[in-house]
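Spelled out, the chains give:
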Amino acid sequence: MQGDLLNVKVNKLTSIKTQLPYSFYSLPYCKPEKIMDSAENLGEVLRGDRIENSPYLFKMREPQMCNIVCRITLDAKQAKEFKERIDDDYLVNMILDNLPLVVPYKRSDIDSLVYQHGFRVGLKGQYTGSKEEKYFIHNHLTFTVKFHKDEQTGAARIVGFEVKPFSVKHEYEGDWDNKTRLTTCNPHANRTVTSSDSPQEVEDKKEIIFTYDVEFEESEVKWASRWDTYLLMADDQIHWFSIVNSLMIVLFLSGMVAMIMLRTLYRDISNYNQLETQEEAQEETGWKLVHGDVFRQPTNSDLLCVYVGSGVQFFGMVLVMMIFAALGFLSPSNRGGLMTAMLLLWVFMGLFAGYSSARLYKMFKGTEWKKITLRTAFMFPGIVFAIFFVLNALIWGEKSSGAVPFGTMFALMFLWFGISVPLVFVGSYVGFKKPAIEDPVKTNKIPRQIPEQAWYMTPVFSILIGGILPFGAVFIELFFILTSIWLHQFYYIFGFLFLVFIILIVTCAEITIVLCYFQLCSEDYLWWWRSYLTSGSSALYLFLYTAFYFFTKLNITKPISGILYFGYMLIASYAFFVLSGTIGFYACFWFTRLIYSSVKID
């Protein structure tokens, strides 16, 4: 209603250049009497959000002009801090009624307005006629609060929060006290701030007066669709194009797979089964030859079980999360929701991790299920946590708010040790109680020799080839995801993402099956690890692509920020390796069991 108090909250200062968020009050801005921290959820803390109250108070539908927030005199240290933040292009983020603050500006290439999240701390420039570069601070903010009026009740709801920042060297007459009127900004004398013609410099001993205006304007935008302006992407066409492109790859691949599989396999199987009747079974060829070795236990079978278990855990997490997100549960208005959901899902998927690794382990005639369970519970999360811990220490050294505080670290440890590990044990126990998976054919006592392979069938070459297609299917969408993470934009097109994820699963499965078939035909029966690595190698291409993205799209100059980027991308690539490798492994596992159970073997 009219006259209701509106509290503006401040969030972190962010920069695309350094990727290190800082809390708003790390700079000597005006502080309220008591700084209160809003309760953040787990995801917000991990993202570095620090939401606090601010001295900016509005009254609903009551415009204000030239409100003085406070006056500060900079000392050398404070001036240096402001200059550093201005140098690194830091943006100030604020929130009103859960809406982030935006600066609207026109882009030359498209007609509509583009929104930049948050306003810049300040800018660099020269006075006319001088070469020396000066730093200027945005100390006058003109806020526009847009509201939508309900026809029936007459109540208004906030649907937009915009600002135009200016740099103004304020002047006043006489001594400074609470009743001082500014000569540079006086609503009674019709003096308002509309440009930064006489800007406020940032130097030692300079006095800065912070002021703001608020205007309210009625808007046609309904409350339910107030986020739409934030999410307007100019690139919808590219998404459709990328989806169609990926689908073409997949259809082409599927067609080939179906042709090869149905025709070749059908011919093979009928031939093998006819030969039996014609008593010519002495000269067997192709994949049937290795039937006595194809289910022989691989080297390092324990490690394979662990990786397959971790992959199942990760796959379950991604799948459930995508479904939730595509149904619209995790919209950007729910800050940190995605991150929190990911962590919780990961923890609860420990059940499936334990179950799948124990089933596989029992099939390999393993007996010490507790050992394998411990490794499944600690290996993948342990490696990720170690990298994360090092990166966190670096952020902490920079005094950034992106560092995860001790309490949150403790919460993460509790989620891992207190919930995830016991669930992995439960899953393992259930999986190990089940009868072992039977092989469709008997394994010979003595392993047969593997003939010399052609150069294109060597493990390294076929593994590297296998990763190209799954990566090709997802890399355009990957570009958007990277942009939303590192250029601080909203990512919300989860419907697209879900499609891409399905495409990824299909591509991984198909390419692994095709390469596995060729491998068995050339009498090489070591397929267990190779099937995992074939589709898993797409993670290598993913990492190379993130490096390419770093050098072409980002202008990160600080070494710490570079280390952060590559550290986080390493974690992402490792997770992608486990995910795609597991998909490939299960596809191949199903395929070999299928073909060997369909031929007669004496």
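For the structure itself, look to the data block above.
Chemist: Pulling in residues and values, what's your account of the overall build of the chain?
Modeler: Along the chain, the regular secondary structure elements total 14 helices and 13 strands. Principal axes of the C-alpha set define a box for the chain whose edges measure 115 × 60 × 50 Å. The buried share of the chain, taken over its 602 residues, is 51%. Within the chain, contacts between residues at least 6 apart in sequence are counted, and of these 80% link residues at least 24 apart. A total accessible area of about 29,600 Å² is found for the chain, and carbon and sulfur atoms account for 62% of it. For the chain, the separation between the mean place of its 54 positive charges and that of its 57 negative charges on side chains is 4 Å.

Chemist: Account for the side chain of threonine 592, with residues named and values stated.
Modeler: If you trace the backbone, threonine 592 turns up in helix H14 (residues 559–597). If we ignore the near neighbours within four places in the chain, the residues touching threonine 592 are Phe295, Cys516, Leu520 and Trp527.

Chemist: Give me helix H6 (residues 337–348): which residues, what numbers.
Modeler: For H6, with 12 residues, the first-to-last C-alpha span of 17 Å sits near the 16 Å given by 1.5 Å per residue. Among all positions of H6, only Gly337, Thr340, Ala341, Leu345, Trp346 and Val347 are buried.

Chemist: I'd like a rundown of the packing of H6 against helix H9 (residues 406–433), residues and numbers included.
Modeler: Two elements in contact, H6 and H9, have axes separated by 8 Å at closest approach and are oriented at 30 degrees. Relative to H9, the element H6 lies roughly parallel. Along the contact surface, H6 presents Leu343, Leu344, Val347 and Phe348, while H9 presents Leu412, Leu415, Ile419, Ser420 and Leu423. Tallied by class, the residues present in the contact of H6 with H9 amount to 8 nonpolar, 1 polar and no charged.

Chemist: Just give me the short version of empty space enclosed by the protein, but keep the residues and values in it.
Modeler: This structure, assessed with the given rule, holds 3 cavities of 30 Å³ or more. By volume, the largest cavity is sized at about 70 Å³. Met457, Ser462, Thr512, Leu515, Cys516, Gln519, Trp527, Arg530, Ser531 and Thr534 together form the lining of the largest cavity. Elements represented by at least two residues in the lining of the largest cavity include exactly helix H11 (494–521) and helix H12 (528–536). Of the residues forming the lining of the largest cavity, the biggest block, 4 residues, is contributed by H11.

Chemist: Help me get a handle on the layout of surface pockets, residues and values and all.
Modeler: Taken as a whole, the second largest pocket spans an internal volume of roughly 290 Å³. The wall of the second largest pocket is formed by 16 residues, among which Thr299, Leu526, Trp527, Trp528 and Trp529 lie closest to the centre. Of all the elements in the fold, those that place two or more residues in the lining of the second largest pocket are helix H10 (459–486) and H12. Taken together, the residues of the lining of the second largest pocket sort by class into 10 nonpolar, 3 polar and 3 charged.

Chemist: Account for the packing of aromatic side chains, with residues named and values stated.
Modeler: For the coordinates displayed, the defined rule picks out 62 aromatic pairs. Both rings, one in tryptophan 455 and one in phenylalanine 461, keep their centres 5.3 Å apart while their planes meet at 65 degrees; by these two values the pair is edge-to-face. Taken together, the aromatic side chains of Tyr307, Phe314, Trp346, Phe380, Trp529, Tyr532, Tyr574 and Phe577 make up a single cluster linked through ring pairs. Positioned above the aromatic ring of tryptophan 223, the side-chain terminus of arginine 157 is 3.9 Å from the ring centre. Seen from the ring of phenylalanine 432, lysine 362 lies directly overhead, with NZ or CZ sitting 5.2 Å from the centre.

Chemist: Just give me the short version of unusual backbone geometry, but keep the residues and values in it.
Modeler: Despite not being glycine, aspartate 97 shows a phi value in the positive range, around 50 degrees. Residue placement: aspartate 97 occurs in the loop between strand E4 (91–96) and strand E5 (99–100). Judged by its relative accessible area of 38%, aspartate 97 is partly exposed. Of note in the backbone geometry, glutamate 523 takes a positive phi value of approximately 60 degrees without being a glycine. Relative to the assigned elements, glutamate 523 resides in the loop between H11 and H12.

Chemist: A description of H10 should follow, citing residues and the corresponding values.
Modeler: Taken as a whole, H10 carries its principal kink of about 50 degrees at phenylalanine 475. Immediately beyond the C-terminal end of H10, within one or two residues, lies histidine 488, with a positive phi of roughly 50 degrees.

Chemist: Please set out the pairing of strand E11 (residues 140–149) residue by residue, giving values where relevant.
Modeler: Consecutive side chains of a regular strand alternate in pointing toward one face of the sheet and then the other. Here E11 lies mainly inside the structure; 9 of its 10 residues are buried. Pairing of E11 with strand E12 (residues 156–166) involves 10 bridges; the strand directions are antiparallel. Residue pairing across strands places histidine 140 opposite phenylalanine 166, the latter belonging to E12. As defined by bridge partners, E11 adjoins strand E13 (residues 207–218) across 8 bridges and the pair is classed as parallel. Considered in E13, the bridge of lysine 146 is made with glutamate 217.

Chemist: Give me the lowdown on the state of the cysteines, citing residues and values where you can.
Modeler: Applying the stated rule across the entire model yields 2 disulfides. A sulfur-sulfur distance of 2.0 Å marks the disulfide that ties cysteine 30 to cysteine 70. Residues cysteine 30 and cysteine 70 are joined through a disulfide that is left-handed, its torsion about the S-S bond being -80 degrees. Residue cysteine 30 is found in the loop between strand E1 (5–14) and helix H1 (42–47), and its partner cysteine 70 is found in strand E3 (residues 64–73); the two are separated by 40 residues along the sequence. In this structure, cysteine 30 and cysteine 70 share a single accessibility class: buried. Put simply, cysteine 66 and cysteine 185 are joined by a disulfide, and their sulfur atoms are 1.9 Å apart. Taking the torsion about the sulfur-sulfur bond, which here is approximately -85 degrees, the covalent link between cysteine 66 and cysteine 185 counts as left-handed. Of this pair, cysteine 66 sits in strand E3 while cysteine 185 is found in the loop between E12 and E13, placing the two residues 119 residues apart along the sequence. The class of cysteine 66 is buried, set by a relative accessible area of 10%. Judged by relative accessible area, which is 3%, cysteine 185 ranks as buried. In the chain, the cysteines engaged in disulfides, taken in order along the sequence, are linked 1-3, 2-4. The structure places no disulfide on cysteine 521, whose sulfur is separated from the nearest cysteine sulfur, that of cysteine 516, by 9.6 Å.

Chemist: Just give me the short version of the nonpolar core, but keep the residues and values in it.
Modeler: Core analysis: the largest hydrophobic core is formed by 104 residues, its most contacted members being Met261, Trp287, Leu520, Trp527, Trp528 and Tyr596. Tallying contributions element by element places H14 first for this core, with 17 residues. Setting aside residues up to four positions removed in sequence, tryptophan 527 forms contacts with Val294, Phe295, Cys516, Gln519, Leu520, Cys588, Phe589 and Thr592. Formed by 53 residues, the second largest nonpolar core is a distinct cluster that contains Cys70, Tyr90, Leu99 and Leu564.

Chemist: Residues and numbers for the environment of tyrosine 545, please.
Modeler: Within the secondary structure, tyrosine 545 is located in helix H13 (residues 538–553). On the basis of relative accessibility, which here comes to 12%, the residue tyrosine 545 falls in the buried class. In this structure the C-alpha to C-alpha distance between tyrosine 545 and phenylalanine 348, which are 197 residues apart in sequence, comes to 31 Å. Beyond its immediate chain neighbours, meaning those up to four positions away, tyrosine 545 contacts Phe471, Phe475, Leu478, Phe479 and Leu482.

Criteria and thresholds
- Residues numbered from 1 in each chain as written.
- Predicted model: local features only at pLDDT ≥ 70, side-chain atom pairs only at ≥ 80, totals over all residues.
- Heavy atoms only, no water.
- Helix = DSSP H or I, 4+ residues; strand = E, 2+ residues; numbered from the N terminus.
- Buried < 20%, exposed > 50% of the residue type's maximum accessible area, 1.4 Å probe, protein only.
- Contact = heavy atoms within 4.5 Å.
- Areas by Shrake-Rupley, 256 points an atom, 1.4 Å probe, with all protein chains shown as cover.
- Lys, Arg positive; Asp, Glu negative; His and termini not counted.
- Charge placed at Lys NZ, Arg CZ, Asp CG, Glu CD.
- Expected span 1.5 Å × (residues − 1).
- Axes fitted to C-alpha atoms, helices over the stretch in contact; angles between N-to-C directions.
- Parallel < 35°, antiparallel > 145°, perpendicular 65-115°, else oblique.
- Nonpolar A, V, L, I, M, F, W, Y, C, P; charged D, E, K, R; others polar.
- 1 Å grid on protein atoms, 1.4 Å probe; cavity = no way out; pocket = protein on both sides within 12 Å on 5 of 7 lines; lining within 4 Å.
- Points joined across faces, edges and corners; volume = space filled by probe spheres on them.
- Phe/Tyr/Trp six-rings, centres within 6.5 Å; stacked < 30°, edge-to-face > 60°.
- Lys NZ or Arg CZ within 6 Å of the ring centre and 35° of its normal.
- Bend = angle between axes of the 7 residues up to and from the residue.
- Pairing = 2+ DSSP bridges.
- Disulfide = S-S within 2.5 Å.
- Core = buried A, V, L, I, M, F, W, Y, C linked by side-chain atoms within 4.5 Å.

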